[in-house]
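Observations on the model geometry
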Amino acid sequence: MTLVAGVDSSTQSCKVVIVDAATGALVREGRAAHPAGTEVDPEAWWDALQTAIAAAGGLDDVSAVSVGGQQHGMVALDADGRVIRPALLWNDTRSAQAAADLTAEVPAIAERTGSVPVASFTSTKLRWLRDAEPENAERVAAVALPHDWLTWRLRGFGPENPRLDELTTDRSDASGTGYFNSVTGEYDLELLERALGHSAILPRVLGPHESAGTVGDLVVGPGAGDNAGAALGLGAVAGDVIVSIGTSGTVFAVTGSAARDATGAVAGFADASGLFLPLVATLNAARILDSIAGLLGVDHSELGDLALTAQPGAGGLVLQPYFEGERTPNLPDATATLFGMTLASTTRHNLARAAIEGLLCGLADGLDALRRTGVVAERILLIGGAAQNPAVSAIAAQVFDCPVVVPHPGEYVALGAAVQAAWTLTGTRPAWEVPLVGAPAPDYHPVIREQYAAHLS
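Residues numbered from 1 in each chain as written. Predicted model: local features only at pLDDT ≥ 70, side-chain atom pairs only at ≥ 80, totals over all residues. Heavy atoms only, no water.

The next point concerns the layout of surface pockets. Considered as a void within the structure, the largest pocket measures approximately 980 Å³ in volume. If you trace the largest pocket, you find 40 residues lining it, with Ser244, Ile245, Gly246, Thr247 and Gly384 closest to the centre. Of all elements in the fold, only strand 2 (13-20), helix 9 (226-234), strand 16 (240-245), strand 17 (249-252), strand 19 (276-282), helix 10 (286-296) and helix 14 (412-426) reach the threshold of two or more residues within the lining of the largest pocket. Take the lining of the largest pocket: its biggest share by element is 4 residues, from helix 10. For the lining of the largest pocket, the per-class residue count stands at 13 nonpolar, 19 polar and 8 charged. (1 Å grid on protein atoms, 1.4 Å probe; cavity = no way out; pocket = protein on both sides within 12 Å on 5 of 7 lines; lining within 4 Å. Points joined across faces, edges and corners; volume = space filled by probe spheres on them. Helix = DSSP H or I, 4+ residues; strand = E, 2+ residues; numbered from the N terminus. Nonpolar A, V, L, I, M, F, W, Y, C, P; charged D, E, K, R; others polar.)

As C-alpha coordinates, then:
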(Lines give C-alpha, C1' and ligand atoms only; values in the text may rest on other atoms or scores of the structure.)
Protein backbone atom coordinates (compact mmCIF):
# COMPACT_ATOMS: atom_id res chain seq x y z
CA MET A 1 0.00 0.00 0.00
CA THR A 2 1.35 3.41 -1.01
CA LEU A 3 0.65 6.09 1.60
CA VAL A 4 0.34 9.85 1.13
CA ALA A 5 -0.21 12.59 3.70
CA GLY A 6 -2.28 15.76 3.65
CA VAL A 7 -2.00 18.67 6.08
CA ASP A 8 -4.59 21.29 7.04
CA SER A 9 -2.95 24.12 8.96
CA SER A 10 -6.09 26.08 9.82
CA THR A 11 -6.77 29.04 12.08
CA GLN A 12 -7.48 26.84 15.08
CA SER A 13 -5.37 23.71 14.62
CA CYS A 14 -3.16 21.54 12.46
CA LYS A 15 -4.58 18.26 11.13
CA VAL A 16 -2.60 15.54 9.38
CA VAL A 17 -4.25 12.65 7.55
CA ILE A 18 -2.38 9.68 6.11
CA VAL A 19 -4.34 7.77 3.49
CA ASP A 20 -4.07 4.99 0.94
CA ALA A 21 -3.07 6.69 -2.31
CA ALA A 22 -5.21 4.28 -4.34
CA THR A 23 -8.52 4.66 -2.47
CA GLY A 24 -8.23 7.64 -0.14
CA ALA A 25 -9.05 5.39 2.82
CA LEU A 26 -7.89 6.90 6.10
CA VAL A 27 -5.03 4.94 7.66
CA ARG A 28 -4.17 7.21 10.58
CA GLU A 29 -4.33 10.86 11.61
CA GLY A 30 -3.08 13.40 14.14
CA ARG A 31 -3.77 16.95 15.23
CA ALA A 32 -2.45 19.74 17.43
CA ALA A 33 -3.93 23.05 18.53
CA HIS A 34 -2.88 26.51 17.36
CA PRO A 35 -2.82 29.57 19.62
CA ALA A 36 -5.92 31.74 19.70
CA GLY A 37 -5.88 35.27 18.30
CA THR A 38 -5.62 37.07 15.00
CA GLU A 39 -1.83 37.34 15.01
CA VAL A 40 0.39 34.32 15.64
CA ASP A 41 4.10 33.56 15.63
CA PRO A 42 4.46 31.14 12.68
CA GLU A 43 6.77 29.00 14.79
CA ALA A 44 3.62 27.91 16.64
CA TRP A 45 2.33 26.47 13.34
CA TRP A 46 5.62 24.65 12.79
CA ASP A 47 5.54 23.20 16.31
CA ALA A 48 1.92 22.11 15.83
CA LEU A 49 2.78 20.48 12.49
CA GLN A 50 5.56 18.46 14.13
CA THR A 51 3.23 17.41 16.94
CA ALA A 52 0.43 16.46 14.51
CA ILE A 53 2.83 14.45 12.32
CA ALA A 54 4.09 12.57 15.39
CA ALA A 55 0.50 11.93 16.53
CA ALA A 56 -0.22 10.50 13.07
CA GLY A 57 2.64 8.02 13.41
CA GLY A 58 5.24 9.97 11.47
CA LEU A 59 6.03 10.12 7.76
CA ASP A 60 8.69 7.39 7.51
CA ASP A 61 6.39 5.12 5.47
CA VAL A 62 4.77 7.96 3.51
CA SER A 63 5.69 8.63 -0.12
CA ALA A 64 4.35 12.16 -0.58
CA VAL A 65 2.92 15.03 1.46
CA SER A 66 1.22 18.33 0.67
CA VAL A 67 0.20 21.23 2.90
CA GLY A 68 -3.13 23.05 2.82
CA GLY A 69 -3.50 26.16 4.93
CA GLN A 70 -5.55 29.14 5.95
CA GLN A 71 -5.53 31.77 3.22
CA HIS A 72 -4.29 35.35 3.17
CA GLY A 73 -2.10 35.47 6.30
CA MET A 74 1.00 37.67 6.10
CA VAL A 75 4.31 36.01 6.92
CA ALA A 76 7.00 38.67 6.52
CA LEU A 77 10.60 37.44 6.29
CA ASP A 78 13.87 39.33 6.48
CA ALA A 79 16.91 38.63 4.32
CA ASP A 80 18.09 35.95 6.77
CA GLY A 81 14.82 34.02 6.56
CA ARG A 82 13.63 35.16 9.98
CA VAL A 83 10.01 36.06 10.70
CA ILE A 84 9.95 39.82 11.30
CA ARG A 85 6.76 40.01 13.39
CA PRO A 86 3.84 37.72 14.28
CA ALA A 87 1.81 36.80 11.21
CA LEU A 88 -1.43 38.70 10.73
CA LEU A 89 -4.19 36.17 10.03
CA TRP A 90 -7.05 36.45 7.55
CA ASN A 91 -9.49 37.38 10.35
CA ASP A 92 -7.43 40.33 11.60
CA THR A 93 -9.38 43.41 10.49
CA ARG A 94 -6.93 46.14 11.49
CA SER A 95 -6.09 46.65 7.80
CA ALA A 96 -9.63 47.73 6.84
CA GLN A 97 -8.50 51.29 6.11
CA ALA A 98 -5.54 50.00 4.13
CA ALA A 99 -7.97 47.97 2.00
CA ALA A 100 -10.06 51.08 1.35
CA ASP A 101 -6.92 53.03 0.43
CA LEU A 102 -5.73 50.41 -2.07
CA THR A 103 -9.18 50.20 -3.65
CA ALA A 104 -9.33 53.98 -4.04
CA GLU A 105 -5.82 54.13 -5.52
CA VAL A 106 -6.44 51.37 -8.08
CA PRO A 107 -10.05 51.63 -9.32
CA ALA A 108 -9.68 48.69 -11.76
CA ILE A 109 -8.11 46.40 -9.19
CA ALA A 110 -10.76 43.66 -9.64
CA GLU A 111 -9.82 43.41 -13.31
CA ARG A 112 -6.16 42.98 -12.38
CA THR A 113 -6.52 40.49 -9.53
CA GLY A 114 -10.06 39.11 -9.71
CA SER A 115 -10.99 40.62 -6.36
CA VAL A 116 -11.56 43.90 -4.56
CA PRO A 117 -9.24 43.89 -1.54
CA VAL A 118 -10.74 43.59 1.93
CA ALA A 119 -9.04 43.45 5.32
CA SER A 120 -8.46 39.70 4.95
CA PHE A 121 -6.11 40.01 1.97
CA THR A 122 -2.33 39.91 2.28
CA SER A 123 -1.84 43.13 0.30
CA THR A 124 -3.88 45.12 2.82
CA LYS A 125 -1.85 43.73 5.70
CA LEU A 126 1.35 44.75 3.94
CA ARG A 127 -0.03 48.29 3.50
CA TRP A 128 -0.94 48.33 7.20
CA LEU A 129 2.62 47.22 8.02
CA ARG A 130 4.03 49.99 5.85
CA ASP A 131 1.87 52.60 7.57
CA ALA A 132 1.88 51.34 11.18
CA GLU A 133 5.31 49.68 11.47
CA PRO A 134 7.52 51.28 8.82
CA GLU A 135 10.76 49.95 10.32
CA ASN A 136 9.44 46.39 10.08
CA ALA A 137 8.17 47.03 6.56
CA GLU A 138 11.62 48.18 5.44
CA ARG A 139 13.11 44.86 6.66
CA VAL A 140 10.78 42.71 4.54
CA ALA A 141 12.79 40.73 1.99
CA ALA A 142 10.13 38.11 1.20
CA VAL A 143 6.42 37.62 1.78
CA ALA A 144 4.88 34.17 2.24
CA LEU A 145 1.47 32.77 3.08
CA PRO A 146 1.00 30.22 5.89
CA HIS A 147 1.08 27.16 3.62
CA ASP A 148 4.04 28.58 1.66
CA TRP A 149 6.08 29.04 4.84
CA LEU A 150 5.23 25.59 6.22
CA THR A 151 6.12 23.90 2.92
CA TRP A 152 9.43 25.81 2.92
CA ARG A 153 10.18 24.75 6.50
CA LEU A 154 9.17 21.15 5.77
CA ARG A 155 11.73 21.11 2.99
CA GLY A 156 14.48 22.10 5.44
CA PHE A 157 14.65 25.85 4.93
CA GLY A 158 14.50 28.61 7.55
CA PRO A 159 16.91 30.88 9.42
CA GLU A 160 19.46 28.07 9.47
CA ASN A 161 19.17 27.68 5.66
CA PRO A 162 17.59 30.94 4.43
CA ARG A 163 17.03 30.18 0.75
CA LEU A 164 14.24 32.69 0.11
CA ASP A 165 14.36 31.76 -3.59
CA GLU A 166 13.09 28.29 -2.59
CA LEU A 167 9.73 29.63 -1.37
CA THR A 168 6.84 28.12 -3.35
CA THR A 169 3.06 28.49 -3.49
CA ASP A 170 0.17 27.57 -5.79
CA ARG A 171 -2.42 29.49 -7.81
CA SER A 172 -5.20 29.05 -5.27
CA ASP A 173 -3.34 30.65 -2.38
CA ALA A 174 -1.56 33.23 -4.54
CA SER A 175 -4.94 34.42 -5.84
CA GLY A 176 -5.89 35.54 -2.33
CA THR A 177 -2.94 37.89 -1.89
CA GLY A 178 -4.33 40.88 -3.77
CA TYR A 179 -1.30 41.04 -6.07
CA PHE A 180 -1.72 37.99 -8.32
CA ASN A 181 -3.60 37.63 -11.61
CA SER A 182 -5.13 34.14 -11.74
CA VAL A 183 -5.89 34.44 -15.46
CA THR A 184 -2.32 35.20 -16.54
CA GLY A 185 -0.76 33.24 -13.67
CA GLU A 186 1.56 36.15 -12.91
CA TYR A 187 2.16 38.39 -9.90
CA ASP A 188 1.23 42.06 -10.27
CA LEU A 189 4.41 43.50 -8.80
CA GLU A 190 3.21 47.09 -9.07
CA LEU A 191 0.41 46.24 -6.64
CA LEU A 192 2.87 44.54 -4.28
CA GLU A 193 5.08 47.61 -4.26
CA ARG A 194 2.08 49.90 -3.82
CA ALA A 195 1.14 47.90 -0.73
CA LEU A 196 4.53 47.31 0.89
CA GLY A 197 6.40 50.34 -0.40
CA HIS A 198 9.11 48.30 -2.13
CA SER A 199 9.61 45.04 -3.96
CA ALA A 200 10.18 41.69 -2.24
CA ILE A 201 10.74 38.03 -3.09
CA LEU A 202 7.50 36.17 -3.69
CA PRO A 203 7.03 32.38 -3.74
CA ARG A 204 7.31 30.63 -7.09
CA VAL A 205 3.85 29.57 -8.25
CA LEU A 206 3.61 25.83 -8.89
CA GLY A 207 1.18 23.95 -11.11
CA PRO A 208 -1.59 21.74 -9.67
CA HIS A 209 0.60 18.63 -9.33
CA GLU A 210 4.07 20.14 -9.60
CA SER A 211 6.44 19.08 -6.85
CA ALA A 212 7.84 21.71 -4.51
CA GLY A 213 10.82 19.43 -3.96
CA THR A 214 11.76 16.45 -1.84
CA VAL A 215 12.87 15.71 1.71
CA GLY A 216 14.91 12.54 1.42
CA ASP A 217 12.58 10.20 -0.47
CA LEU A 218 9.45 12.17 0.50
CA VAL A 219 7.87 14.08 -2.40
CA VAL A 220 6.40 17.45 -1.36
CA GLY A 221 3.33 18.65 -3.28
CA PRO A 222 2.49 22.26 -4.12
CA GLY A 223 -0.02 22.84 -1.32
CA ALA A 224 -3.17 24.95 -1.53
CA GLY A 225 -5.41 27.44 0.21
CA ASP A 226 -7.92 25.84 2.53
CA ASN A 227 -11.04 26.30 0.42
CA ALA A 228 -9.35 25.06 -2.74
CA GLY A 229 -8.09 22.10 -0.74
CA ALA A 230 -11.63 21.33 0.42
CA ALA A 231 -12.89 21.44 -3.18
CA LEU A 232 -10.24 18.89 -4.15
CA GLY A 233 -11.04 16.70 -1.17
CA LEU A 234 -14.75 16.74 -2.02
CA GLY A 235 -14.16 16.06 -5.70
CA ALA A 236 -16.33 19.09 -6.54
CA VAL A 237 -17.46 19.43 -10.17
CA ALA A 238 -19.46 22.00 -12.14
CA GLY A 239 -22.90 22.41 -10.58
CA ASP A 240 -21.63 21.77 -7.05
CA VAL A 241 -21.58 24.71 -4.66
CA ILE A 242 -19.75 24.12 -1.40
CA VAL A 243 -21.06 25.85 1.71
CA SER A 244 -18.59 25.50 4.56
CA ILE A 245 -19.51 26.44 8.13
CA GLY A 246 -16.36 26.74 10.18
CA THR A 247 -14.72 29.63 12.02
CA SER A 248 -15.60 31.55 8.87
CA GLY A 249 -18.37 30.78 6.43
CA THR A 250 -17.57 30.25 2.78
CA VAL A 251 -19.58 29.65 -0.38
CA PHE A 252 -17.59 28.61 -3.44
CA ALA A 253 -17.70 26.63 -6.66
CA VAL A 254 -15.25 25.19 -9.19
CA THR A 255 -15.71 26.86 -12.59
CA GLY A 256 -13.94 26.98 -15.92
CA SER A 257 -13.91 30.77 -16.16
CA ALA A 258 -12.57 33.48 -13.89
CA ALA A 259 -14.92 35.70 -11.90
CA ARG A 260 -14.45 39.45 -11.92
CA ASP A 261 -16.78 41.16 -9.44
CA ALA A 262 -16.19 44.90 -9.12
CA THR A 263 -18.61 45.07 -6.16
CA GLY A 264 -16.20 43.02 -4.08
CA ALA A 265 -18.78 40.48 -2.95
CA VAL A 266 -17.19 37.62 -4.90
CA ALA A 267 -13.46 36.94 -4.73
CA GLY A 268 -12.19 35.70 -8.08
CA PHE A 269 -9.82 33.06 -6.74
CA ALA A 270 -8.12 30.23 -8.59
CA ASP A 271 -8.67 26.61 -7.57
CA ALA A 272 -6.06 23.90 -7.01
CA SER A 273 -6.77 21.93 -10.20
CA GLY A 274 -6.00 24.58 -12.82
CA LEU A 275 -9.53 26.07 -12.91
CA PHE A 276 -11.15 28.85 -10.87
CA LEU A 277 -12.86 29.11 -7.51
CA PRO A 278 -15.19 32.13 -7.19
CA LEU A 279 -15.79 32.50 -3.48
CA VAL A 280 -17.79 34.49 -0.96
CA ALA A 281 -16.59 34.53 2.64
CA THR A 282 -18.20 35.63 5.88
CA LEU A 283 -16.34 36.24 9.11
CA ASN A 284 -19.24 35.02 11.24
CA ALA A 285 -20.25 31.38 11.00
CA ALA A 286 -20.10 28.63 13.64
CA ARG A 287 -19.22 31.16 16.32
CA ILE A 288 -22.75 32.55 15.93
CA LEU A 289 -24.05 29.26 17.27
CA ASP A 290 -21.40 29.26 20.01
CA SER A 291 -22.56 32.69 21.16
CA ILE A 292 -26.28 32.00 21.19
CA ALA A 293 -25.86 28.54 22.71
CA GLY A 294 -23.84 30.12 25.51
CA LEU A 295 -26.44 32.82 25.99
CA LEU A 296 -29.19 30.21 26.29
CA GLY A 297 -27.11 27.92 28.48
CA VAL A 298 -27.30 24.93 26.11
CA ASP A 299 -24.93 22.90 23.96
CA HIS A 300 -25.11 22.82 20.17
CA SER A 301 -27.35 19.76 20.09
CA GLU A 302 -29.81 21.37 22.48
CA LEU A 303 -29.69 24.60 20.49
CA GLY A 304 -30.71 22.61 17.41
CA ASP A 305 -33.54 20.92 19.28
CA LEU A 306 -34.84 24.31 20.41
CA ALA A 307 -34.62 25.71 16.88
CA LEU A 308 -36.63 22.86 15.39
CA THR A 309 -39.52 23.55 17.77
CA ALA A 310 -39.91 27.03 16.24
CA GLN A 311 -41.60 27.78 12.94
CA PRO A 312 -39.67 28.88 9.83
CA GLY A 313 -39.05 32.61 10.20
CA ALA A 314 -38.74 32.36 14.00
CA GLY A 315 -41.91 34.32 14.58
CA GLY A 316 -40.38 37.38 12.91
CA LEU A 317 -37.21 37.35 15.02
CA VAL A 318 -34.17 38.08 12.80
CA LEU A 319 -30.54 37.91 13.88
CA GLN A 320 -28.12 39.89 11.73
CA PRO A 321 -25.04 38.06 13.04
CA TYR A 322 -22.16 40.48 12.51
CA PHE A 323 -20.58 39.71 15.90
CA GLU A 324 -16.99 40.29 14.76
CA GLY A 325 -17.57 42.81 11.99
CA GLU A 326 -18.17 41.27 8.58
CA ARG A 327 -16.32 40.62 5.37
CA THR A 328 -19.34 40.05 3.08
CA PRO A 329 -20.89 42.54 3.17
CA ASN A 330 -17.70 44.47 3.85
CA LEU A 331 -18.51 45.95 7.27
CA PRO A 332 -15.39 45.45 9.41
CA ASP A 333 -16.73 47.60 12.27
CA ALA A 334 -20.27 46.20 12.36
CA THR A 335 -21.88 44.51 15.36
CA ALA A 336 -24.72 42.00 15.61
CA THR A 337 -28.35 43.15 15.80
CA LEU A 338 -31.54 41.34 16.78
CA PHE A 339 -34.65 42.58 14.95
CA GLY A 340 -38.34 41.85 15.39
CA MET A 341 -38.38 41.52 19.17
CA THR A 342 -41.91 41.41 20.57
CA LEU A 343 -43.33 39.76 23.66
CA ALA A 344 -44.57 36.96 21.41
CA SER A 345 -41.44 36.47 19.29
CA THR A 346 -38.77 36.75 21.97
CA THR A 347 -38.56 33.15 23.13
CA ARG A 348 -35.72 30.71 23.59
CA HIS A 349 -36.75 28.53 20.65
CA ASN A 350 -37.22 31.51 18.30
CA LEU A 351 -33.80 32.90 19.28
CA ALA A 352 -32.20 29.50 18.62
CA ARG A 353 -33.83 29.32 15.19
CA ALA A 354 -32.99 32.95 14.40
CA ALA A 355 -29.30 32.17 15.07
CA ILE A 356 -29.29 29.30 12.58
CA GLU A 357 -31.40 31.18 10.03
CA GLY A 358 -29.17 34.27 10.30
CA LEU A 359 -26.04 32.19 9.75
CA LEU A 360 -27.54 30.45 6.71
CA CYS A 361 -29.13 33.57 5.21
CA GLY A 362 -25.74 35.25 5.08
CA LEU A 363 -24.41 32.24 3.17
CA ALA A 364 -27.46 32.14 0.89
CA ASP A 365 -26.77 35.78 0.03
CA GLY A 366 -23.30 34.58 -0.92
CA LEU A 367 -24.80 32.00 -3.27
CA ASP A 368 -26.84 34.74 -4.93
CA ALA A 369 -23.64 36.73 -5.46
CA LEU A 370 -21.97 33.69 -7.07
CA ARG A 371 -24.93 33.24 -9.37
CA ARG A 372 -24.57 36.84 -10.54
CA THR A 373 -21.10 35.93 -11.84
CA GLY A 374 -22.49 33.00 -13.82
CA VAL A 375 -22.20 30.11 -11.35
CA VAL A 376 -24.93 27.47 -11.80
CA ALA A 377 -25.98 25.73 -8.57
CA GLU A 378 -27.39 22.24 -8.94
CA ARG A 379 -26.74 21.11 -5.38
CA ILE A 380 -25.26 22.42 -2.14
CA LEU A 381 -22.50 20.42 -0.43
CA LEU A 382 -22.82 21.44 3.23
CA ILE A 383 -19.61 20.86 5.18
CA GLY A 384 -17.95 21.97 8.42
CA GLY A 385 -18.61 20.99 12.00
CA ALA A 386 -21.95 22.81 12.21
CA ALA A 387 -23.24 20.95 9.14
CA GLN A 388 -23.47 17.80 11.23
CA ASN A 389 -26.13 19.37 13.46
CA PRO A 390 -29.47 17.99 12.17
CA ALA A 391 -31.15 21.34 12.76
CA VAL A 392 -28.58 23.18 10.62
CA SER A 393 -28.98 20.80 7.67
CA ALA A 394 -32.79 20.74 7.99
CA ILE A 395 -33.02 24.54 8.12
CA ALA A 396 -30.52 24.80 5.24
CA ALA A 397 -33.05 22.91 3.10
CA GLN A 398 -35.55 25.67 4.00
CA VAL A 399 -33.15 28.55 3.29
CA PHE A 400 -31.48 27.38 0.04
CA ASP A 401 -33.58 27.02 -3.10
CA CYS A 402 -31.70 23.97 -4.45
CA PRO A 403 -31.02 20.49 -3.03
CA VAL A 404 -28.72 20.19 0.00
CA VAL A 405 -26.50 17.18 0.72
CA VAL A 406 -24.21 16.62 3.69
CA PRO A 407 -20.99 14.69 3.00
CA HIS A 408 -19.66 12.32 5.63
CA PRO A 409 -17.76 14.38 8.23
CA GLY A 410 -14.11 14.51 7.38
CA GLU A 411 -11.02 16.67 7.20
CA TYR A 412 -11.64 17.74 3.62
CA VAL A 413 -8.89 20.37 3.46
CA ALA A 414 -6.33 17.83 4.65
CA LEU A 415 -7.88 15.22 2.34
CA GLY A 416 -7.57 17.65 -0.57
CA ALA A 417 -3.91 18.13 0.28
CA ALA A 418 -3.57 14.34 0.23
CA VAL A 419 -5.18 14.34 -3.24
CA GLN A 420 -2.45 16.78 -4.28
CA ALA A 421 0.23 14.56 -2.76
CA ALA A 422 -1.04 11.50 -4.66
CA TRP A 423 -1.42 13.53 -7.86
CA THR A 424 2.14 14.86 -7.53
CA LEU A 425 3.46 11.38 -6.83
CA THR A 426 1.73 9.55 -9.71
CA GLY A 427 0.92 12.27 -12.25
CA THR A 428 -2.76 11.23 -12.21
CA ARG A 429 -5.43 12.99 -10.18
CA PRO A 430 -7.14 10.42 -7.94
CA ALA A 431 -10.94 10.09 -7.83
CA TRP A 432 -11.79 9.01 -4.29
CA GLU A 433 -15.39 8.34 -3.29
CA VAL A 434 -17.01 10.85 -0.91
CA PRO A 435 -19.92 9.26 0.99
CA LEU A 436 -22.98 11.29 2.02
CA VAL A 437 -24.62 11.11 5.44
CA GLY A 438 -27.63 13.28 4.76
CA ALA A 439 -29.82 14.75 2.07
CA PRO A 440 -32.68 16.63 3.75
CA ALA A 441 -35.85 16.89 1.69
CA PRO A 442 -36.11 20.26 -0.12
CA ASP A 443 -38.41 22.47 1.94
CA TYR A 444 -37.81 26.03 0.71
CA HIS A 445 -39.51 28.75 2.80
CA PRO A 446 -38.98 32.14 1.12
CA VAL A 447 -40.21 34.02 4.21
CA ILE A 448 -36.92 33.28 5.97
CA ARG A 449 -34.81 35.16 3.45
CA GLU A 450 -37.42 37.82 2.77
CA GLN A 451 -37.50 39.00 6.36
CA TYR A 452 -33.71 38.75 6.65
CA ALA A 453 -33.30 40.87 3.51
CA ALA A 454 -35.67 43.48 4.91
CA HIS A 455 -33.14 44.32 7.61
CA LEU A 456 -29.99 44.48 5.47
CA SER A 457 -28.45 47.95 5.56
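Each regular strand shows side chains that alternate between the opposite faces of the sheet. By the alternation rule, side chains of strand 17 split into Gly249 and Val251 and Thr250 and Phe252, which are all buried. As defined by bridge partners, strand 16 adjoins strand 17 across 4 bridges and the pair is classed as antiparallel. Residue pairing for strand 17: isoleucine 245 is matched across the bridge by glycine 249. Counted along the chain from strand 16 to the antiparallel partner strand 17, the turn is 3 residues long. Two elements, strand 17 and strand 19, share 4 bridges in a ladder whose sense is antiparallel. Following the sheet pairing, valine 251 is matched in strand 19 by valine 280. (Buried < 20%, exposed > 50% of the residue type's maximum accessible area, 1.4 Å probe, protein only. Pairing = 2+ DSSP bridges.)

Counting buried residues along strand 2, 8 of its 8 residues qualify, which places the element largely inside the surrounding structure. Pairing analysis gives 7 bridges linking strand 1 (residues 3-9) to strand 2, with the strands arranged antiparallel. Across the sheet, valine 7 pairs through a bridge with valine 16, a residue of strand 2. Remark: 3 residues form the turn of the hairpin made by strand 1 and strand 2, two consecutive strands paired antiparallel. As paired strands, strand 2 and strand 3 (residues 26-33) are joined by 7 bridges and run antiparallel to one another. For isoleucine 18, the partnering residue across the bridge sits in strand 3 and is arginine 28. Between the end of strand 2 and the start of strand 3, which pair antiparallel, lie 5 residues, with glycine 24 showing a positive phi angle near 80°.

Before going further, it helps to examine helix 13 (residues 390-399). The buried fraction of helix 13 is high, at 8 of 10 residues. Taken residue by residue, helix 13 has Ala391, Val392, Ser393, Ile395, Ala396, Ala397, Gln398 and Val399 as its buried positions. Looking at where helix 13 begins, the residue whose side-chain oxygen comes 2.9 Å from the main-chain nitrogen of alanine 391 is asparagine 389. (Polar contact = N/O pair within 3.5 Å; in protein donor to acceptor, adjacent residues only side chain to side chain.)

Before going further, it helps to spend a moment on unusual backbone geometry. Although it is not a glycine, histidine 72 adopts a positive phi angle of roughly 80°. Along the polypeptide, histidine 72 turns up in the loop between strand 5 (62-69) and strand 6 (75-77). What makes histidine 72 buried here is its relative accessible area of 3%. Phi angles above zero are rare outside glycine, and alanine 314 is one such case at about 50°. Relative to the assigned elements, alanine 314 resides in the loop between helix 11 (300-308) and strand 20 (318-320). Relative accessible area serves as the criterion here: at 0%, alanine 314 is assigned to the buried category.

The next point concerns the pattern of salt bridges. Tallied over the full model, the rule gives 26 salt bridges. Among the ionic pairs, arginine 85 bridges to glutamate 39, the shortest N-O distance being 3.1 Å. With a gap of 46 residues between them, arginine 85 in the loop between strand 6 and strand 7 (87-88) and glutamate 39 in strand 4 (residues 39-40) connect regions that are remote in the sequence. Residue class for glutamate 39 comes out partly exposed when judged on its relative accessible area of 33%. For the salt bridge of aspartate 368 with arginine 449, the shortest nitrogen-to-oxygen distance reads 2.6 Å. Of the two residues, aspartate 368 sits in helix 12 (residues 348-372) while arginine 449 sits in helix 15 (residues 446-453), which places them 81 residues apart along the sequence. On the accessibility criterion, arginine 449 (15% relative accessible area) is buried. (Salt bridge = Lys/Arg side-chain N within 4 Å of Asp/Glu carboxyl O.)

In this structure the tally under the stated criterion is 4 aromatic pairs. Plain terms: the ring middles of tyrosine 179 and tyrosine 187 are 6.3 Å apart, the flat faces sit at 40° to each other, and that makes the pair tilted. With a relative accessible area of 2%, tyrosine 179 lands in the buried category. Seen from the ring of tryptophan 128, arginine 94 lies directly overhead, with NZ or CZ sitting 5.0 Å from the centre. The ring of tryptophan 46 has arginine 153 lying over it, and the distance from NZ or CZ to the ring centre is 4.8 Å. (Phe/Tyr/Trp six-rings, centres within 6.5 Å; stacked < 30°, edge-to-face > 60°. Lys NZ or Arg CZ within 6 Å of the ring centre and 35° of its normal.)

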